[in-house]
Amino acid sequence: MTPAVSRFVLWLDDPGAVGNRVLGGKFGSLAEMTAARFEVPPGFGITTTAYRHFLESAGLAERARAVRAEAGGADLADVQRISAEFAAAIDDADLPADLEREIRDAYAELERRAGQEDLPVAVRSSGESEDLAGASFAGQYDTFLWIRGAEDLLRHVRRCWAGMFGAAVLTYRPDADAGVLTADLGICVGVQQMVQARAAGVMFTLDPVTGDRSKVVIEGCWGLGEGVVSGGITPSRYVVDKVTFEVIRREVARQESKFGFDPAAAAVGLVPVETDRQESPCLDDDQIRALAELAKRIEQHRGGPQDVEWAVGERGDVRVLQVRPETVWSRRRAEQLVGERKSAVNHVLARFAGVGVARGSRGTGA
């Protein structure tokens, strides 16, 4: 059954999804990958139109603009107060009935497609600001993993919207024109079926330290990729020749814990790695080659170096979780590697450079 045309929901596999700005940066890229037949987990975006509809219906649109303007000249304590007050206002506001109905219907459709009730999903912020030159808001936004049920989904959609006004976002100072900080930018909330990840991580279609484009560099760990992108787990690292796909260098890290679903807490958290896996590499040679080939195909498709978040399921199936142009090498300045907050790229680069970076956000940022 083809879902009805909606202003508020757009599926990744919808023919109108590619290049559609209502999906924001992250989900727009995933729509492009889906159309190009890369293996992307199925899902839908709750569009930037939905976000603006909510603000207008709740009488919060003007206040949202005022929050951004006020935060620009405030100290940190005031920014935190402003942020908390507006998050509470978003949480308290009624959701328009037409929007709530479409979100519930879309989640039910995703459950139907997956053949599973209470389907676990990733709820991911995808901002219009993610692709702006000189600004990287993507790492400032929130992602929530293993969300189950329509009620919990609706709650986390609000949290993603509130994340647009988090203290980290309101105090972010990009290289771009300062006007971007007060611009009336929107956010899409992406909802995707969770991958039951055996291993996950990130990879670059060049060496992020030297800029050598003849290499693919893969970082991975057991469990969900949150461990790699947040810097919470020391990953294993593989350097692969992009022509022969030979593994040139491998550094296998011992891993005693991983990010995964904790039944006791009913949430994602650190759980023990199975004893027989703790000393073992999280990827075998066939999986490393499959990932390197995938990285090369994505680079060829997009016409330039990329960084890619990936996951490998228990059956060895490889999934693309996020794709974005690699921009760090061309801009790289050593002091920025430790000064900026919670970008997955920053964490990975810092590990390569052997320096520390402040901890990241709650989820894979996405």
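Residues numbered from 1 in each chain as written. Predicted model: local features only at pLDDT ≥ 70, side-chain atom pairs only at ≥ 80, totals over all residues. Heavy atoms only, no water.

**Examining the layout of surface pockets**
Leftover empty space is mapped by rolling, across the atoms, a probe with the size of a water molecule.
Here comes step 1: Each pocket or cavity is described by its volume, and for the second largest pocket that value is around 520 Å³.
Here comes step 2: As for the second largest pocket, its lining consists of 23 residues, of which P41, P42, Q193, D317 and R319 are closest to the centre.
Here comes step 3: A per-class count over the lining of the second largest pocket returns 10 nonpolar, 6 polar and 7 charged. (1 Å grid on protein atoms, 1.4 Å probe; cavity = no way out; pocket = protein on both sides within 12 Å on 5 of 7 lines; lining within 4 Å. Points joined across faces, edges and corners; volume = space filled by probe spheres on them. Nonpolar A, V, L, I, M, F, W, Y, C, P; charged D, E, K, R; others polar.)

**A few points about the sheet that holds strand β7 (residues 215–222)**
Here comes step 1: The 6 strands lie next to each other as β9-β8-β7-β6-β12-β13, forming an open sheet whose pairing is antiparallel. Each edge of the open sheet is held by one strand with a lone partner, namely β9 (247–251) and β13 (318–325). Strand-to-strand, the axes of this sheet are offset by a mean angle of 15 degrees, without reference to chain direction.
Here comes step 2: Pairing geometry for strand β6 (residues 197–204) and strand β12 (residues 306–313), over 7 bridges, is antiparallel. Paired with M203 across the bridge in β12 is V308. (Pairing = 2+ DSSP bridges. Helix = DSSP H or I, 4+ residues; strand = E, 2+ residues; numbered from the N terminus. Axes fitted to C-alpha atoms, helices over the stretch in contact; angles between N-to-C directions.)

**Considering the nonpolar core**
Here comes step 1: Residues I46, F54, L99 and W161 are the most contacted members of the largest nonpolar core, which totals 46 residues.
Here comes step 2: If you tally residues by element for this core, the top one is helix α6 (residues 150–163), at 7 residues.
Here comes step 3: Setting aside anything within four residues of it in sequence, one finds W161 in contact with I46, A50, Y51, F54, I90, L95, L99, I187 and V189.
Here comes step 4: Counting 35 residues, the second-largest nonpolar core is a separate cluster that includes W222, V247, L291 and V323. (Core = buried A, V, L, I, M, F, W, Y, C linked by side-chain atoms within 4.5 Å. Buried < 20%, exposed > 50% of the residue type's maximum accessible area, 1.4 Å probe, protein only. Contact = heavy atoms within 4.5 Å.)

**Digging into helix α9 (residues 285–302)**
Here comes step 1: Over its 18 residues, α9 extends 26 Å from the first C-alpha to the last, a length consistent with the 26 Å expected when each residue adds 1.5 Å.
Here comes step 2: Two or three places before D286, at the opening of α9, D284 has a side-chain oxygen 3.1 Å from that residue's backbone nitrogen.
Here comes step 3: Of the residues flanking the end of α9, it is G303, one or two places downstream, whose phi is positive at about 75 degrees. (Expected span 1.5 Å × (residues − 1). Polar contact = N/O pair within 3.5 Å; in protein donor to acceptor, adjacent residues only side chain to side chain.)

**Here's the deal with the sheet that holds strand β2 (residues 43–46)**
Here comes step 1: On the basis of which strands lie adjacent, the open sheet formed by 5 strands has the order β1-β2-β5-β3-β4 and antiparallel pairing. Strands at the two margins of the open sheet, each flanked by one partner only, are β1 (9–11) and β4 (143–147). Shown here is a sheet whose adjacent strand axes are inclined to one another by a mean of 25 degrees, direction ignored.
Here comes step 2: As paired elements, strand β3 (residues 121–127) and β4 share 3 bridges and run antiparallel to each other. When the sheet's bridge partners are listed, V121 is paired in β4 with I147.

**Concerning the packing of aromatic side chains**
Here comes step 1: Inspection of every chain in the model, using the stated rule, returns 5 aromatic pairs.
Here comes step 2: Taking the centre distance of 5.1 Å and the plane angle of 55 degrees together, the rings of W11 and F44 count as tilted. Taken together, the residues W11 in strand β1 and F44 in strand β2 connect sequence positions 33 residues apart.
Here comes step 3: Residue class for F44 comes out buried when judged on its relative accessible area of 0%.
Here comes step 4: Both rings, one in Y51 and one in W161, keep their centres 6.4 Å apart while their planes meet at 55 degrees; by these two values the pair is tilted. Of this pair, Y51 sits in helix α2 (residues 48–58) while W161 sits in helix α6, and the two are 110 residues apart along the sequence. In terms of burial, Y51 and W161 fall into one category: buried.
Here comes step 5: An aromatic cluster is present here, built from Y51, F54 and W161 joined pairwise through their rings.
Here comes step 6: Looking at R113, its charged tip hangs above the ring of W11, at a distance of 3.9 Å from the centre. (Phe/Tyr/Trp six-rings, centres within 6.5 Å; stacked < 30°, edge-to-face > 60°. Lys NZ or Arg CZ within 6 Å of the ring centre and 35° of its normal.)

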